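Here are the chains, one letter per residue:
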Amino acid sequence: MRILMTGGTGFLGSALAGELRRRGHHVLTPGSKDCDLRREDALERYTDQTFDRIFHLAAWTQAGDFCLRHPGEQWVINQKINTHVLDYWQRRQPQAKLVCMGSSCVYDPELDLLEENYLQGVPVDSLFSYGMTKKMLYAGLLSLNRQYGLKYLCLVPSTLYGPGYHTDGRQMHFIFDLIRKIMRGKLYGEKVILWGDGHQRRELVYLDDFVELALGLADTHANELINVGAGQEYPIRHFARLICERVGLPFEEIEFDTSRYVGARSKCLRTDKLQRLVADLRLTPLEQGLDRTLAWFEMEKDRVLPPP
Ligand SMILES: NC(=O)c1ccc[n+]([C@@H]2O[C@H](COP(=O)([O-])OP(=O)(O)OC[C@H]3O[C@@H](n4cnc5c(N)ncnc54)[C@H](OP(=O)(O)O)[C@@H]3O)[C@@H](O)[C@H]2O)c1
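Here's a quick rundown of the structure. Here the structure is a predicted model, which is why all the values come from computation and not from measurement.

**Notes on the overall build of the protein**
When you go through the protein residue by residue, the secondary structure sums to 10 helices and 12 strands. Taking 308 residues into account, the globule formula puts the C-alpha radius of gyration at 19 Å, and the protein, at 19 Å, falls close to it. Of all 308 residues assigned to the protein, the portion counted as buried reaches 40%. Within the protein, contacts between residues at least 6 apart in sequence are counted, and of these 78% link residues at least 24 apart.

**Looking at the environment of Leu-178**
Structurally, Leu-178 can be placed in helix 5 (residues 174-188). With 128 residues separating them in the primary sequence, Leu-178 and Thr-50 have C-alpha atoms 43 Å apart. Each residue touching Leu-178, except ones within four places of it in the same chain, is listed here: Leu-194, Phe-239, Ala-240 and Ile-243.

**Regarding unusual backbone geometry**
Here the phi dihedral of Asn-223 falls at roughly 55°; this positive angle occurs in a residue that is not glycine. You can see Asn-223 is positioned in the loop between helix 6 (207-220) and strand 10 (224-228). The backbone phi angle of Asp-280 is positive, close to 65°, even though this residue is not glycine. Relative to the helices and strands, Asp-280 is located in the loop between helix 8 (272-277) and helix 9 (286-299).

**Digging into the site of the ligand**
By nearness alone, 26 residues border the ligand, and Gly-10, Leu-12, Gly-31, Ser-32 and Ala-59 come closest of all. Of the residues forming the shell around the ligand, the biggest block, 3 residues, is contributed by helix 1 (residues 11-22). Each residue belonging to the shell around the ligand can be placed in one class, and the counts come to 12 nonpolar, 11 polar and 3 charged.

**Here's the deal with the sheet that holds strand 2 (residues 26-28)**
Pairing in this open sheet of 6 strands is parallel, and the strands run 2-1-3-4-5-10 from one edge to the other. Either end of the sheet is taken by a strand with one partner, and the two such strands are strand 2 and strand 10. The average angle at which neighbouring strand axes cross in this sheet is 20°, direction not considered. Judged from the 5 bridges that link them, strand 5 (residues 152-157) and strand 10 form a sheet pairing that is parallel. Directly across from Pro-157, in strand 10, lies its bridge partner Val-228.

Criteria and thresholds
Residues numbered from 1 in each chain as written. Predicted model: local features only at pLDDT ≥ 70, side-chain atom pairs only at ≥ 80, totals over all residues. Helix = DSSP H or I, 4+ residues; strand = E, 2+ residues; numbered from the N terminus. Rg over C-alpha atoms; globule rule 2.2 N^0.38 Å. Buried ≥ 20, exposed ≤ 12 C-beta atoms within 10 Å, placed from the backbone. Contact = placed C-beta atoms within 7 Å. Near = placed C-beta within 6 Å. Nonpolar A, V, L, I, M, F, W, Y, C, P; charged D, E, K, R; others polar. Pairing = 2+ DSSP bridges. Axes fitted to C-alpha atoms, helices over the stretch in contact; angles between N-to-C directions.

By themselves, these are just geometric observations and shouldn't be taken as functional.
Okay, structure coming up:
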């Protein structure tokens, strides 16, 4: 297949594009330097090519309190990116199935995190702008499907983790931040201070599991919104304890700063639909995924854990 992937230089995109290439597909992965999707004409350079599939992963965001500090920019930038990609798809590549990433941040915390609630209610306040742009992206898919019959698939991942995260010092997803702080505590004796009381709950999906599921679902399903989660969440303290055991730092040395931003208290996708669609759903056990992720941190120590 010929595939165009936006966001193919990112954490998920690099893994997804790598696996597609291993399977023999031709994948174009323009990054923001060569193809800034804030520009209306960014994708016009690919008009002489015909794609079977477009993976749309590009989004302007980071973890931690990034969304809280950039709501206006996030709205404008992500709306531009999504509108330009959808417009290009409809005008130039209507034969392609478009597979894009939604977000668990879209869901109203008062409602079950079930697909039928994706367009209901409002996201948690701190993620309002980012969550709403993802909601609008899905509304765009529905609209183009209704008028032009275009085929889409919208996957909603919970937080992804695994080897190969960014090494550029950006705000990391909670699990990478936990690993970074605990490893620095062990390596350099730095005090480990985690945000919140540690009782907020999160779920994780191992990157390779998500890639495998996304590629399978992209081949077999269209015009659906599908949550892709582990179906089980744990308190941050549980993750911290597992990492401490592996790194060799006493868990009791960790401090919790309850004055800091923690986001939603709980965020676990309902995966009833995924379990119906994927017979024999097997996910990498958390301990095994953590071991592999810690091995990557160890390997990339110079870049991700530079001395103070
Ligand atoms: N990671 C997760 O846990 C998670 C969970 C739920 C949903 N998602 C969704 O999955 C997708 C990929 O996530 P990720 O973690 O891989 O994100 P990421 O590592 O931050 O990658 C973001 C990608 O978007 C591209 N991008 C940003 N601004 C752009 C612009 N103006 N023009 C062109 N490209 C631009 C970046 O390109 P450059 O690097 O070249 O700037 C990069 O390839 C996103 O849509 C995200 O919302 C991720």
